[in-house]
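Understanding the architecture of this molecule
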Amino acid sequence: MQFEAISIEGLSHRFLSKNRSPTVALNDVSAQFPAGKVTSIVGPSGCGKSTLLLIMRGLVEATDGKVRFLYGNGSGKLTAGAAPRMATVWQSFNLLPWRTVIDNVAFGLELQGVPVAERRERAISAIKAVDLAGFEQHYPGQLSGGMKQRVGLARGIVMSPDILFLDEPFGALDAQTRLYLQEQLAELVERSAKTVILITHSIEEAIFLGDRVVVMTARPGKIAATLDIDLPRPRSFEVQKEKAFGDLFSEIYGLLRDEVRKSMLS
Amino acid sequence: MTQVEQSARAEAETSKSMQKAEVRLRDDTWWYGPVAMALFLVFWEVGVRVGNVPEVFLPRPSLVVVTLYELFAYKQLAYDLVVTLYRIFGGFVLAAIIGIGLGLLMGMSRRIYAICDIFIAAIYPVPKIALLPLLVIWLGTGNAFQIALSALGCIFPILINTIIGVRQCDEGLILAARDLGATQLQIQRKVVLPAAVPAIFGGLRLALGISIILVVAAEMQTARYGLGAKLQLAGQVLETGQVFAILLLLAVMGIALTKAQDRIGNIVDRWRAR
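This section reports on the structure supplied with the text. (Residues numbered from 1 in each chain as written. Chains lettered and ligands numbered in written order. Predicted model: local features only at pLDDT ≥ 70, side-chain atom pairs only at ≥ 80, totals over all residues. Heavy atoms only, no water.)

1. Some points on helix α4 (residues 116-129) of chain A
Residue and element names in this part refer to chain A. Rules: The numbering of helices and of strands both runs from the N terminus, where a helix is a DSSP run of H or I of at least 4 residues and a strand a run of E of at least 2. The span expected for a helix works out to 1.5 Å for each residue beyond the first. Only protein chains enter the accessibility calculation, which uses a 1.4 Å probe. A residue is then buried if its area is under 20% of the maximum for its type, exposed if over 50%, and partly exposed in between. By definition, the arc is the one covered by directions from the helix axis to the C-beta atoms. The contact rule is simple, with two residues in contact once any of their heavy atoms fall within 4.5 Å.
With 14 residues, α4 extends 20 Å from end C-alpha to end C-alpha; this agrees with the ideal 20 Å at 1.5 Å per step. Where α4 is concerned, the buried positions are Arg 119, Ala 123, Ala 126 and Ile 127. One side of α4 carries all its buried residues, which in axial view fall inside an arc of 100°. Across α4 from its buried face, at more than 90 degrees, point the exposed residues Ala 117, Glu 121 and Lys 128. Buried residues along α4 sit in contact with α2 (101-105), α3 (107-111) and α5 (145-157). Of the residues one or two after α4, Asp 131 is the one with positive phi, at around 65°.

2. Some details on a nonpolar patch on the surface
Stated formally: Without a salt bridge and with relative accessible area above 30%, a residue can belong to a patch; like charges are then joined within 9 Å and nonpolar side chains (Val, Leu, Ile, Met, Phe, Trp, Tyr) within 5 Å. To measure how exposed things are, a 1.4 Å probe is used in the Shrake-Rupley method; for residues, cover is taken only from the protein chains shown. Salt-bridge detection follows one rule: a side-chain nitrogen of Lys or Arg within 4 Å of a carboxyl oxygen of Asp or Glu.
A cluster of nonpolar residues, Trp 30, Trp 31, Tyr 32, Val 35, Leu 39 and Phe 43 of chain B, forms a patch on the protein surface that exposes about 740 Å² of accessible area. Within the secondary structure layout, Phe 43 of chain B lies in helix α2 (residues 32-51).

3. Here we look at unusual backbone geometry
Generally, phi is negative for residues other than glycine and the peptide bonds are trans, each holding for most cases. Across the junction of Arg 233 of chain A and Pro 234 of chain A, the peptide omega takes the value -5°, indicating a cis bond. At Asn 52 of chain B, a position not held by glycine, the phi torsion is positive, near 55°. Along the chain, Asn 52 of chain B falls in the loop between α2 and α3 (61-74). The exposed category is assigned to Asn 52 of chain B, whose relative accessible area is 68%.

4. Notes on the side chain of Asp 179 of chain B
Following the sequence through the fold, Asp 179 of chain B ends up in helix α8 (residues 171-179). When residues no more than four places from it in sequence are discounted, the contact partners of Asp 179 of chain B are Arg 57, Leu 59, Met 86, Ala 87, Thr 88 and Trp 90 of chain A.

5. A closer look at the state of the cysteines
Residues and elements named next belong to chain B. Applicable threshold: Throughout, a disulfide means two cysteine sulfur atoms within 2.5 Å of one another.
Considering all chains together, one arrives at zero disulfides over all chains under this definition. Cys 116 supplies the cysteine sulfur nearest to Cys 154, a cysteine that is in no disulfide, at a spacing of 19 Å. Here Cys 154 falls in the buried class, since its relative accessible area comes to 0%.

6. Brief notes about the environment of Leu 102 of chain B
Residue and element names in this part refer to chain B. By the secondary structure assignment, Leu 102 is in helix α4 (residues 77-108). Considered as a pair, Leu 102 and Thr 162 are 60 residues apart in the sequence and their alpha carbons are 8.6 Å apart. Those residues in contact with Leu 102 that lie beyond four places of it in its chain are Cys 116 and Leu 159.

7. What about the interface of chain B and chain A?
Quick reminder of the rule: Here the quantity called buried area is the total loss of accessible area, with a 1.4 Å probe, experienced by two parts when brought into contact, counted for both.
Each partner contributes to the interface: chain B provides 18 residues, whereas chain A provides 23 residues. Buried area between chain B and chain A, summed over both chains or domains, comes out near 1800 Å², and the portion from carbon and sulfur atoms is 65%. Contact with chain A buries surface across chain B, with Asp 179, Leu 180 and Trp 271 of chain B losing the most and accounting together for 39% of the total. Taken together, the connections running from chain B to chain A amount to two salt bridges. Among the salt bridges present, the one from Asp 179 of chain B reaches Arg 57 of chain A, with a minimum N-O distance of 2.5 Å.

Set out below in structure tokens:
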């Protein structure tokens, strides 16, 4: 039974910036994010998609509107409840540079007061899951961008979150590293069956990783369309050569082309 | 030649070239400074002898070293050294405790910053040595006065650097910590404070130099014991050799303290990519 993990209703966000008129980042945004699936949010830069993530994650308070988290108990019956466990992977990694890889990965567990032995064990297994075994004692400054982001991913999954947020996770990486990590991530989410919210400006990435793609307009951010991606899983990068993939790409790019132009002019 | 021998030889070659690379990685200019200093001293020694410069103007380096030894052996210079170090570090540590503590509060709270800022703006530009008469009236000329003067001079670089360090903390790191469920207190202890450590350490570095300057200067004005006092005394009776000996001791102390700070700094900064 399909049910929604997050439902956002009438979300608006305005903020004041110095020496400028108030900016409307989001305008009456409503959307549903299915549980156990990957939902990609794609849109032109500055469309407020990262703000949307911060609001859903509870790190920024929206000016208007509601974010509701729903639980399913397996019977398909929905209950609204307190926020589930969540973790975020950031574009700029945001690793603590003075901590080793293992201490970075264990950071969230440490904050929660998990005993040393247990957090060590869980951190090591998360590091293994992202293929970084042997780098436990390295500092972030000694790692490449792709490795840093794998640490970021391990730091998220070690919390065993119900919902994993990915904010342009591969935006700061070179093309080959990105492709490789996208494949690794696809495999990881297929195995874990977690609810994943992926923010991206790459249409290919949105389709390749997503079960659903939410297309956003230029500022003020609104939702232009929601598409279900029915490409079979598991997916490898080969899926990008299929006609269905190309059709979806054309459809989304068609929706975005005018928005991108608008965002360049404004 | 057997194959085993061949591979052993190849291995030896590799390890030899590795060693060479390692040597290159090591700092190969470390001896430039000491050699330049040695040359300078030789010129000084020879110049004074050849030019027949009177000892009261410029004693030979060898004589300075002998004088320094005599001061330690017969004039209890060790006691003065200990007194001076006690004052330098007394003021420095006091300033570090207050400066880091207040700096963290000021960096983290806009209200506390607003209250304290005007006091700092008022006291900071005053030359600390100008406070000497007032401090002597309040505290006499003993250790309390010396330590207070040194602390007043040390506190500002430490305080200001701490505030800057706290403010410069990457917003993304704080966001990531909040995302992982950190409380406000945890953010400050585990993110903001460690992020400020390099800046705080920079402030401590500046402060120690200031402490040395202030303590020696104040000792020259008011004290009976301490390197500054002995320096002043030697100058008044035209014991140029003793003046140089104490200056030499101060220079050696400066080098030792700077190098020690470098060592500690390397440990603190060990996470920086090399």
